Every structure is written in structure tokens, then in C-alpha cells.
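# Fold and geometry: a report
Residues per chain are reported as follows:
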Amino acid sequence: MPNFTLPHPHIPDDILATEKTFQRVLKSLVLASVRAGRTPEPIPPVVKGRQSVSFAPAEVAEIRAAFGRDPDGPTLGGYVFAEIHARSKEKKPAKAVQANHEFRQHQKIYYDNLITSLRAGRIAVAEGATGLGKSRAMVQAALDMIEETKEKVVIACPSVGVMQQMLGEFFQLDPQGCRVAIALGRPNFIDPQSVKDSLSEMDKETAEKIQNWLDRGAPAIVRDDGSPLTRLHPDIAYLLDDLARLLPDDMTTAGFDLGGSPEEGCPAEAEYQRLRAGLHEADLVICSHAMLAVDLRQRRMAPEAPAMLPDYAYLIVDEAHLLEANVAGIESVSFSPFTLRTLARGAEKIGNKKTREHVANICSTIIAQGRVFNGGASVAPHQWNLPGYQPPPVIDHYMREMSRLKEALNELLKSRKTNGNATASTLSGIRTTLGRIISKKWAVRINISPVRKYPTFAAGPYNVDYVFKQLWEQPFLKGAAIASATLVLPGGIGASHIMKQLAIPSSRADIHVPVIPSWVTRPVTLYVPKDPTSWLPPQEGEFGEDEERLDQAIEAWSERMASLVREVGATAQKGTLVLTTSYEAIEMLEKKLEGLENRLVVQRAGIPFAHARQRFLDLVEAGERPVWLATGQAWTGLDLRDNLSDLIVTRLPFPGRGSRVSAGRGASKFDTAFTFRQGIGRLVRQEGASPKRLWIADGRVWAKSGGKSAFYSVFREVLSVYEAKRDF
């Protein structure tokens, strides 16, 4: 009997139950698809499943007659995909929460993936392309589960902006009788006193504008297009996002958030508590990843205390590829010498001037020493206990400095005036953080900013598996779904990376075939360097101790990259996004792009990301075809709709050396592949997009020699979905 190897999707349990063996299941699906007159679907490159199946000669002849030529494994697999998708459409339809709402074709497939797993009490791993309408599908699935089970659902989002988007979808669907709440944390509100104390440092116009806003009770500033949050809470006030809109472009909101120890009688704290009180009455709660992590931490550390979120039977996590990093941020502690220096100098009611100045001076020393060290460093927990272990010099030096600082804080906090003082409480928290950093029991990371050489410090666990195991094992959690445009990797990796990253139990997981319509890749032409070796970025350690040769290589690389940016910018139909991996790279490119100043948008450290985005959109509106030099959030959290015609990836976004959590999993390459997929996903954001050009300028992706071609194959696999290719 002829034998074929079929690529196949996840097969739902109800279909598996129809036959005794998996091979028979696949054969029956192929034959059913052929006899129904279906067309084989293309196999997504990220599909991992493969199974050998035998067909009788008569069955092969039947397939040949329907297909028009001899079938092969991918063709038969395509019939399986077509049959699975057809059957999913025939299952229980979405309830008409809004009578005139209908799903688009691929949006319906995505919704079916979610609702099928939630109803079965499993964990859906559901990837869907950007622009598919995933948010609407997620909210619809949540509303249907609430209606069917009368139990609570939580949707966790990576940011307040995405939370507002989900809330907007809820209002669009207009469900009757369903109560919704949005879970904001203290960091989403301002500390009015901190803002008032800083007014003297602002220009007169800004200070008067903010003082007037505070005098009016810091009401919500409603955007021209309205705001779902203000529709839900018309009288909401003291929001940090509103303060950000009032500040000039060169000021950030750092240090102005409410924090954990507000002054007694603080109106922003009262506002936070008012919103929190409504969470437990809601049927649907929309929260951030951070709030989900805080809730889990509180349930673990203080089980007798009221939880932040109500018990929820179903959980949907949007942009789940970001969840691990957000959880790690909650489980870790961090320290900024800037914050402590400001607090110490302003804490007139604590200690005496001499002890306050001593703390501030040590902070100034730590800040200044950032320029002495070239880059940060990290230490894993187990390394502290290795016989004869010597930490990197930067770690060893700063551990001594922070020990001095902790002793100085001990002296400052001996004052009897500290009881009930909010600043003293904050200082005490910083002292605890310093204790964890110097304890040699935690992973420690020191980051030094690339341009200004400012140090920051963090300590925490080496991985956060224990948090995710707690999440999935909660007795009240019946089903869940993780959603994103990036959950699966090609090259046989499939969903294994995200499963490991989020510690999802394989016994409960439904790994759905990614829903990626052809309109995602059809408008894109991929540009590949003719000579990849000339586009290899300089590597750390490549030139040994010869800094002069390294500087020359960096200069040549940046000149070549700037030349490409100029060439692309000159022929772009709309805007161009240049994705870099550091502010240093942005600074180098900016200096070499003379003549583009009026069209150039430069993302700068310390300046709100939203300001750069708005300038880009303003230039597009004016017909200026802007060129944006970007990094960081631009890889994963940027939606420019159809205002981009070109995207340049200057180099692969490998995490910084010693990235704590990813190092703990030993998965740097796969984390990079996730970010890479997210980055190129900025290009096509909606169906019917205009023609696009994708420029991959990191020669490592394309180089066939050097012994690492196989290492970079996953990136080539990611790009294999683009059929139109050209050289540059």
C-alpha cells in the first residue's frame, strides 16, 4: 500500500474518538475532504506534526482523480487542514451578542479555536495574524463563556492601551446584562504630592497647566475619538496617562506614579480603591499582565488576604509572548540610584542634613561610575556558591558600593520622625531591595545605559516557572487561552518554546494551527543582501583586545547601514521603520543621515515612545515619507496601520548579555526569533494593505559559511513565507 508522510494540525478530541488509531483518523479526514470536493489548503511553515499514513491503491486513485495529479504528503495534509477548518465552521456558532455582528472567515476560525478549548476545559495555544480581529474574537469568546457557564472570565493584556482596546470591543458588542470592570493598579495613577513638588522644576507654562489640572481634581482628559475607560468611568481622575499628555516631550512620568505607600488621605489612592472595589462584582475583568502577576504573588505570599482579582473560571491572555517578561518584572526587585538621590535630598523630615547628603553622595558616586564600566553584567544564583567564584569586576565593585549605601540608609532611618511618613516607607522599601541585591541568594543584573552610561540594578529568581505552575493549577481555573500573533516557531520547533516559557502542561494544551491568511504575506517583497558577508555586524570579542579595529568595523557597518536607509527612504512610497537594537546604534545612524533631518524621527532614551509615534504619523499626514530610527518597544508594541511601506531590520534582536530569565531557560535564540517575528509583523497590519518592502540587513541570517548557518536557520524559516524576493 502506498505510504505518505502527512503534515497535520492539532486534531480535536471529538474527531480523535471516531477511529481506533491516529493513522486512521488522518486517512478518514483526507477521504472525507476529497469526497466533499474541498481544495487542499497550504501548509503553514510553522506546523510541526508529521505522521506516516498508508492508503489503498483505489483510495490513491480516487484522490488523484479529484486533485488532477498524483498526490504527495503535503497535498494530503492540505486536505486534512481543509476538513478540520470546514468542521470547525459547522460547530456551535457564536451567540449573537450583537445581532448584526458577523465574523470574517479567518476571524471565525480563530474564535472557534478559542471557544472549543475553553468549553473543553483545556488551554488553547492560539496564534493569529495581526489584523485578523483577534481582540473581537477573544471578547466574544469571553462573553459566550459567561453566558453559558455564569462564571467569571479574566482577559489579561500587556498594557493599559490594549486593555482599553478590549474594553472598546466589549462596548462594540454591547452585551446586555454583562458587568465589566477594568483592573488598574497604583502605578496607573499619579502621586499628586510628587507632581506638586516637581512643578518648580518645570517651565512656567507647563507648571501652570498641570497645577490647573490638579486644582480641578485631575479629571480624565478625553481624546477626540472618546475613550472606553471614560465611558465606563466618566468621573475617573488622577490617571498617569493624562499627566503624560500634559508634560513636554522631553519629560517622562518616572517618579510620579502612586507607588505602594501613598500619603494618608491621598485622593488618587481613594480613586484606585474605588475602582478596585468593583472588580469582584464584575462578570468580565480586563487587567494587565502585571496585575495578573501581582494577584498570583499575593495569593501565594498572603493567602489569607483578599486577592487582587476575583476567582475566575476562565482566563484569556492576549499578547502571551510578553507574559513571561511581565511576570518576571513583578517577581524581581529593581533599584535606581537617581530615585534614591532625589528622595534623600527631599526628605527634610527624616534624619538630619548630614545623613541625607551622605546617602545622596553615594548615589552620585554610583551614577558617575557607570561611565567607567563598559556594559552591564549578571550573576546566576548558583554561581555565588561555587568554590573560588569571582564575580565580574562591575558586579564586585557595585556590590560593595550598595553595601555602603544600605548602611547609610540604616543610619538615616534611625530617626524617630519616620513613623507614618510615606517617604520613609519608600526609603525602607529601597533598603529592603538593596538587601536582596547584595544577599548573594538571587540572580543579579546590572544594566548600564548605552548612551548616558546610567546604571540600574535588579535581582530576582532565575526563572518564573513556579508562578506559571501556580497559575495553571489554581483550583478555580477551568479553562484558558493564550493568544498572540507570535506563539509558534518554524523548523520543527512549533509551540514547544512558548509551552516551556509559560510552563503550560502538555496534557491540557490544545495547540491550534496558526491562523495566517495569505493577505499577511502577499503584499510583501523580501529584500536579501547579494553578498551576506559584507553585511555581517561587528561582534563582541571578534577583534580581541584590538579596540581600534573594532571601532573601524563599527564605523564601516554604520556607514553601510546609513547608506541603505538613505536609499530605501528615497524610494519609499510611505513611511520607513528602521529597527535597531540599541540607542547607541540609533545615535550612530542619526549622525550619518544628513539631509533627512526634516523627515527623520529619532527614538530617544527617556522620551515617551508615544511622542515619536505621533511625530511619525504627523509627517505621514503631511506627505513627508518619514524615516523612524527605533528600538525596544517598536519591535513588539507598535501599530502604524497602513502608514508603512518599508521596514529595515538592521540586526537580529538578541537579548542583552546575561538576560536573566531567558538565560535561565537557555533559550536566547528562540526568544530572539519571537522578537524577530514580532518586528517584521509591524509591516502588514490589516487586510488589503498597500505594497510593502522588507529589508533584512543582518548578514548572519543569509551567510552560508562560517559554521553557524544551521544556528540561524530558524530566522530563514520565519522568512520563508514570503514568496516575492529580490537582492540588494
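Anything mentioned here points back to the structure above.
Residues numbered from 1 in each chain as written. Predicted model: local features only at pLDDT ≥ 70, side-chain atom pairs only at ≥ 80, totals over all residues. Heavy atoms only, no water.

### With respect to the overall build of the protein chain
The cut-off we apply is this: Secondary structure is summarised from DSSP: a helix means a run of H or I of at least four residues, a strand means a run of E of at least two, and numbering begins at the N terminus for each. In this scheme, a residue with accessible area under 20% of its type's maximum is buried, one over 50% is exposed, and one in between is partly exposed, where area comes from a 1.4 Å probe on protein chains only. Using a 1.4 Å probe, the Shrake-Rupley method yields the accessible areas, and only the shown protein chains count as cover for residues.
Counting its regular elements, the protein chain contains 26 helices and 20 strands. Classification of the 728 residues of the protein chain by burial places 52% in the buried group. With the model as given, the accessible surface of the protein chain reaches about 32500 Å², and the carbon-plus-sulfur share is 48%.

### Digging into the sheet that holds strand β19 (residues 692–696)
Going by this rule: Two strands pair if DSSP finds at least two bridges between them. For helices, the fitted line uses only the C-alpha atoms of the stretch in contact; every axis is such a line through C-alpha atoms, and the angle between N-to-C directions lies from 0 to 180 degrees. Note on contacts: a residue pair is in contact if any heavy atoms of the two residues lie within 4.5 Å.
Taken together, the 7 strands give an open sheet; going across it, the order is β16-β17-β15-β18-β19-β14-β20, and neighbouring strands pair in parallel fashion. Taken across any chain shown, the strands that pair with only one partner, and hence form the sheet edges, are β16 (600–602) and β20 (724–727). Ignoring which end each strand starts from, the neighbouring axes of this sheet average 20 degrees apart. Bridge count for strand β14 (residues 524–528) against β19 is 4 bridges, and the pairing is parallel. Bridging across to β19, L526 finds its partner in L694. Of the strands in this sheet, β15 (575–579), β16 and β17 (627–630) touch helix α22 (residues 583–591), which is tilted by about 145 degrees from β17. Running at roughly 170 degrees to β16, helix α23 (residues 609–621) makes contact with β15, β16, β17 and β18 (644–649) of the sheet.

### Brief notes about the side chain of S135
Inspection of the secondary structure assignment puts S135 in helix α6 (residues 134–149). Relative accessible area serves as the criterion here: at 11%, S135 is assigned to the buried category. Residue contacts for S135: discarding those within four places in its chain leaves Q165, M166 and E169.

### What about the packing of aromatic side chains?
Using the following cut-off: Ring pairs are drawn from Phe, Tyr and Trp, using the six-membered ring of Trp, whenever the two centres fall within 6.5 Å, and their geometry is named by plane angle: stacked under 30 degrees, edge-to-face over 60, tilted for the rest. Any Lys NZ or Arg CZ found within 6 Å of a ring centre and within 35 degrees of that ring's normal is scored as a charge over the ring.
Evaluation of the coordinates by the stated rule reveals 20 aromatic pairs. Here the aromatic rings of F654 and Y712 are separated by 6.5 Å at their centres, their planes lie at 80 degrees, and the arrangement is edge-to-face. Taken together, the residues F654 in the loop between β18 and α24 (660–665) and Y712 in the loop between β19 and α26 (713–719) connect sequence positions 58 residues apart. What makes F654 partly exposed here is its relative accessible area of 26%. The class for Y712 is buried, based on a relative accessible area of 8%. Ring pairs connect the aromatic residues F654, F676, F711, Y712 and F715, which therefore count as one cluster. Over the aromatic face of W535 sits the side chain of R560, whose NZ or CZ is 5.8 Å from the ring centroid. In this structure, R651 is placed above the aromatic ring of W557, and the distance from its NZ or CZ to the ring centre is 5.9 Å.

### Describing the packing of helix α13 (residues 289–301) against helix α14 (residues 323–331)
Test applied: Note on terminology: angles under 35 degrees are roughly parallel, angles over 145 are roughly antiparallel, angles of 65 to 115 are roughly perpendicular, and the others are oblique. Two helices cross in a left-handed way if the nearer one is turned anticlockwise from the farther one by less than a right angle. They cross in a right-handed way if the turn is clockwise. The residue classification treats Ala, Val, Leu, Ile, Met, Phe, Trp, Tyr, Cys and Pro as nonpolar and Asp, Glu, Lys and Arg as charged. All others, Gly included, are polar.
Two elements in contact, α13 and α14, have axes whose closest approach is 9 Å; the angle formed by their N-to-C orientations is 50 degrees. Relative to α14, the element α13 is oriented oblique. Taken as a pair, α13 and α14 cross one another with a handedness that is right-handed. On α14, the residues that touch H289, A290, L292, A293, V294, R297 and R300 of α13 are L323, N326, V327, I330 and E331. Of the residues that constitute the contact of α13 with α14, the class distribution is 7 nonpolar, 2 polar and 3 charged.

### Examining the pairing of strand β11 (residues 455–460)
For β11, the buried fraction is high: 5 of the 6 residues fall into the buried class. By the bridge criterion, 3 bridges tie strand β8 (residues 333–335) to β11 in an arrangement that is antiparallel. Following the sheet pairing, V333 is matched in β11 by A459. Direction of pairing for strand β10 (residues 443–448) relative to β11: antiparallel, over a ladder of 6 bridges.

### Looking at the pattern of salt bridges
For clarity, the cut-off: Just to be clear on terms, a salt bridge is a Lys or Arg side-chain nitrogen sitting within 4 Å of an Asp or Glu carboxyl oxygen.
Enumeration according to the criterion identifies 31 salt bridges in this entry. Residues E59 and K27 are paired through a salt bridge, measuring 3.5 Å at the closest nitrogen-oxygen approach. Pair noted here: E59 is in helix α3 (residues 57–67) and K27 is in helix α2 (residues 22–35), with a separation of 32 residues, a long-range link. R677 is the partner of E127 in a salt bridge, and the nearest nitrogen-oxygen pair spans 2.8 Å. Separated by 550 residues along the polypeptide, E127 in strand β3 (residues 123–127) and R677 in helix α25 (residues 668–680) bring together distant segments of the chain. Where salt bridges share partners, they join E555, E559, R566 and K592 into one cluster.

### Details of the pairing of β17
In the case of a regular strand, side chains alternate between the two sheet surfaces. The alternating pattern of β17 places V627 and L629 on one face and W628 and A630 on the opposite face, and all of these are buried. Summarising the sheet, β15 and β17 pair through 4 bridges and their orientation is parallel. Each bridged residue has a counterpart across the sheet, and for L577 the counterpart in β17 is W628. Bridge count for β16 against β17 is 3 bridges, and the pairing is parallel.

### Concerning helix α7 (residues 160–173)
Spelled out, the test is: The span you would expect from a helix comes to 1.5 Å times its residue count less one.
Given a rise of 1.5 Å per residue, 14 residues ought to cover 20 Å, and the 20 Å separating the end C-alpha atoms of α7 matches this to within 8%. Counting buried residues along α7, 11 of its 14 residues qualify, which places the element largely inside the surrounding structure. All of the buried residues along α7 are V160, V162, M163, Q164, M166, L167, G168, E169, F170, F171 and L173. Against the buried residues of α7 lie α6, β4 (153–157), β5 (180–183), α10 (228–232), α11 (240–246) and β6 (284–288). Phi turns positive, to about 55 degrees, at D174, one or two residues after α7.

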